Amino acid sequence: MNLVRAELERLTARRFVQLMVVLLIAAFGITIATTLASSHRPTQVEVTRAEQQAATARQEMVQAYQNCLAARAAGVQPGQDGYPANCAEMDPARSKHLPSAGDFLYQVFVFDQQIRPLLYFLIAFLMLFAFLVGASYIGADLTSGGMTNLLLWRPQRMTVLGTKLGALLGTVLVVSVLSSLLYLGAFWLIAVVGGLVGDPTATFWTDLSLTYLRGLVLVLMAGTLGFSVATLGRHTAAALGTFAGYVVLWELGARVVFEIIEVARPDQWMLSSYLGAWLVGRVEFWDNQACRPIESFCDGMYEITWRGGLLVLTLLVAGAVAASFTAFRRRDLA
Amino acid sequence: MSTVIEISGLRKTFRRLRGGAHVALDGFDLLVESGQIHGFLGPNGSGKTTTLRALLGLVRADSGRMTVFGEPAPERLPQVAGRVGAIVESPQFFGNFTGRRTLRLLAVAGGVPTSRVDAVLEQVGLADRADERVRSYSLGMKQRLAVASALLKEPELLILDEPANGLDPAGIREMRDLMRDLAAAGVTVLVSSHILAEIQLICDHVTIISRGRRVVAGRVDEVLAGFDHGEYRVRVAELDRAAELLGAAGLTVVGHPDHLVVQQVADPTAIARTLGEQGLWVREVTPLTPDLESVFLELTGTGHRSAGTGPEHTAPPDRGTGRDAGEPERVIELGPTATGSGEVPA
Ligand SMILES: Nc1ncnc2c1ncn2[C@@H]1O[C@H](COP(=O)(O)OP(=O)(O)OP(=O)(O)O)[C@@H](O)[C@H]1O
Ligand SMILES: [Mg+2]
């Protein structure tokens, strides 16, 4: 318990961590400020017009659906008209997103329509924060001799390293939750005061919260990964280098090579696919090999679901943690 | 008297990425008993720090047995860590923290009441600068902070690797007084240092390591006595005639430009008597008792480097010991992995 307290204090007193928190807040502040600046409370006239436009658009959807049903009932083949084979695809009742007034309001921040990309931005930023803080926290300790000093005091390597990881994840979680509260709260406030809240349903809130929770898992994973790789490489730079190297050589470089040599389904070799799948729920990719030779109809899509994403990411993080703890257990410390 | 540290047959080979292996410890033994102030001496790279690191669980030894307070190390170190305060080779501290905060964090992590912080800051003379950042400390101040950190736990065993590193003369003296006070209070101290005069002043026991092996160990006075060859420096007007007379009296004499060294003397008055009877009046007869430095240089074979004298001298000439290095006073083991000047006295 004492060790945890000391580690928490050590972590929060780090200059780098404080700087990162400031940067985090600054980035959020800029996002919030630009949103605020480019949004205004719509006048009654604007709202009425937008509502009319939305109503018209919905009307058109219903009409098109009816037309489709009528055409199929009349025996018109798909392809002869512009409608799909299965008209249910056009059923407005099954549509995820029906046109609403928000779609026809310009320069207006509508919470329920625009918060999702902003949430992704929040998560991406928190992941970066967690990764950097995790790497530098242990990296600086290993290179500065702080770890050696601590081990002279507590000659229990696994306990010390585990406590450090725990302190890191705890701090990252608290910072993440607090900053997201501020961030999302600020956008809510903008919506209420200088924009529109929209029409948030219960499903909307559940969806948003689930995405947020999945994002938090990613943030913790990023922190753990930064910590583990820096431990393995005995240096902060090891984690940063691995990250940069991975992105440049694999996500960008190997992708190009895969395209050239026509490897099937290159996306399934990319971590970013699994990351996206976990966060969004499922992602679809186009299989460039599936539809050869080209036939009349071919569904060349394949998908990665959140289960696959979680599995791959968990294996990756667990592997890194296991490797770093095993290495640290036996290694000679300077 | 109980055994505090026992090391036997400790071996450690560092494997380099390129260039194979390097034997740092080659079957090293060490015995420290409670209440001792034990000096740990050896040339650069002889393995002192490696020994202490292995003992404290920072590096993994290849083989050998180590115990601290009777508990096998490093396996059961956690059980005795609270009784051991240690600094190993100029510890680095986090530059952004103040000295006080550094110590407080260690105290918290180790479960020591934070009231100890002020006490140790006072003890090492760092109280006035305690609230400045460690980054701004001088070398000696950092060293004091390191010693303070080792003292926090009120240890029963204090392990200090070159604590005098970077200290000014007053600091060295304070360190000496500190160690004496601690020893008087019953603390066992194991201290490595290159300041041999200092070690001779404060230590009662000594272990000398060379190329990863123990070359001598024991009470300081006994070690010195073991190297006392009964030599005397004689200053007299007619050196040549005096040498003849003494030689005729059955003494072994080595001539020097301005004095003689007489060896294997049982009764020093015989020198003055022999010369006086022939009308040669002795100006000086000084026993050449060895000090730690001469013993160290002789045992570790590092004397040649600085002395630049003939191979029969293992000590610098101004020491005037001039003894024959070939005497098998005790077994001088030198490791096979010669890294230094490598001249094993024949
Ligand atoms: N991490 C390491 N990797 C490789 N070799 C090492 C390592 N640490 C020490 N050595 C080697 O082991 C030998 C013993 O080193 P050690 O630091 O124990 O010497 P020392 O007696 O403390 O010397 P000094 O008086 O200079 O402090 C040296 O030859 C050194 O080069
Ligand atoms: Mg050393």
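What counts as what
Residues numbered from 1 in each chain as written. Chains lettered and ligands numbered in written order. Predicted model: local features only at pLDDT ≥ 70, side-chain atom pairs only at ≥ 80, totals over all residues. Heavy atoms only, no water. UniProt positions renumbered as here; feature names shortened; annotations may be inferred. Domains from an automatic or database assignment. Contact = heavy atoms within 4.5 Å. Buried area = accessible area lost by both parts, 1.4 Å probe. Donors = N, O, S within 2.8 Å, 3.2 Å for Na, K, Ca; no water. Helix = DSSP H or I, 4+ residues; strand = E, 2+ residues; numbered from the N terminus. Buried < 20%, exposed > 50% of the residue type's maximum accessible area, 1.4 Å probe, protein only. Salt bridge = Lys/Arg side-chain N within 4 Å of Asp/Glu carboxyl O. Polar contact = N/O pair within 3.5 Å; in protein donor to acceptor, adjacent residues only side chain to side chain. Nonpolar A, V, L, I, M, F, W, Y, C, P; charged D, E, K, R; others polar. Pairing = 2+ DSSP bridges.

The name that an unreviewed UniProt entry assigns to chain B is ATP-binding cassette domain-containing protein, with the source organism given as Micromonospora echinofusca. Per UniProt, chain B carries the Sequence similarities (unreviewed entry) text "Belongs to the ABC transporter superfamily."

Under the annotation held in an unreviewed UniProt entry, chain A carries the name ABC transporter permease and is attributed to Micromonospora echinofusca.

S.K.: Which residues make up the domain arrangement of chain A, and what values do they have?
M.R.: Residues and elements named next belong to chain A. On domain assignment, one finds that chain A holds domain 1 (2–41 + 110–330) and domain 2 (43–107). Each of domain 1 and domain 2 has a C-alpha centre, and these two points are 38 Å apart. Counting residues at the interface gives seven residues for domain 1, matched by nine residues for domain 2. Taken together, the two surfaces of domain 1 and domain 2 that pack against each other cover about 550 Å², and 46% of this comes from carbon and sulfur. By the criterion of area lost to domain 2, the three top residues of domain 1 are H40, Q113 and L196, representing 67% of everything that side buries.

S.K.: Please give an account of the coordination of the magnesium ion (ligand 2) that cites residues and values.
M.R.: Coordination angles at a metal have ideal targets, namely 109.5 degrees for four tetrahedral donors and 90 or 180 degrees for six octahedral donors. Residues and elements named next belong to chain B. Distances from the magnesium ion (ligand 2) to its protein donors, T49 (OG1) and E89 (OE), fall at 1.9 to 2.3 Å. Pair noted here: T49 is in helix α1 (residues 48–55) and E89 is in the loop between β6 (84–87) and α3 (99–110), with a separation of 40 residues, a long-range link. Judged by its relative accessible area of 10%, T49 is buried. When its relative accessible area of 40% is taken as the criterion, E89 is described as partly exposed.

S.K.: So what about the pattern of salt bridges? Which residues, and what values?
M.R.: Per the stated rule, a full pass over the model turns up 28 salt bridges over all chains. Measuring nitrogen to oxygen at the nearest pair gives 2.7 Å for the salt bridge that ties R104 of chain B to E9 of chain A. A residue pair is termed interchain when its members come from two chains, as with R104 of chain B in helix α3 and E9 of chain A in helix α1 (residues 2–13). On the accessibility criterion, E9 of chain A (22% relative accessible area) is partly exposed. D26 of chain B serves as the salt-bridge partner of R213 of chain B, at 3.2 Å between the closest nitrogen and oxygen. Residue R213 of chain B is found in strand β10 (residues 213–219), and its partner D26 of chain B is found in strand β2 (residues 21–33); the two are separated by 187 residues along the sequence. Overall, the relative accessible area of 22% leaves R213 of chain B in the partly exposed class.

S.K.: Account for the UniProt feature "transmembrane region" (unreviewed entry) in chain A, with residues named and values stated.
M.R.: All names here are of chain A. Mapped onto the present numbering, the UniProt feature "transmembrane region" (unreviewed entry) falls on residues 16–37, 118–140, 161–191, 211–230, 237–258 and 309–328. Overall, residues 16–37 shows 100% helix and 0% strand. The separation of its end C-alpha atoms is 31 Å. The distance separating the terminal C-alpha atoms of residues 309–328 is 28 Å; by composition the span is 100% helix and 0% strand.

S.K.: Could you give me a rundown of the interface of chain A and chain B, with the residues and numbers involved?
M.R.: Listed by partner, the interface residues are 28 residues for chain A and 33 residues for chain B. Between chain A and chain B, a total of about 2500 Å² is buried, with carbon and sulfur atoms accounting for 59% of that surface. At the surface where chain A touches chain B, the tally comes to three salt bridges. The partner of R101 of chain B in a salt bridge is E9 of chain A, and the shortest N-O contact between them spans 3.4 Å. Across the chain A-chain B interface, the total number found is ten residue pairs in polar contact (both at pLDDT 80 or more). Residue classes in the side of chain A that touches chain B are distributed as ten nonpolar, seven polar and eleven charged.

S.K.: So what's going on with the pairing of strand β4 (residues 63–68) of chain B? Which residues, and what values?
M.R.: Residues and elements named next belong to chain B. In terms of strand pairing, strand β1 (residues 3–15) meets β4 through five bridges, oriented antiparallel. Each residue of the ladder has a partner; that of S8, found in β4, is R65. As paired strands, β4 and strand β5 (residues 71–72) are joined by two bridges and run antiparallel to one another. Directly across from T67, in β5, lies its bridge partner P72.

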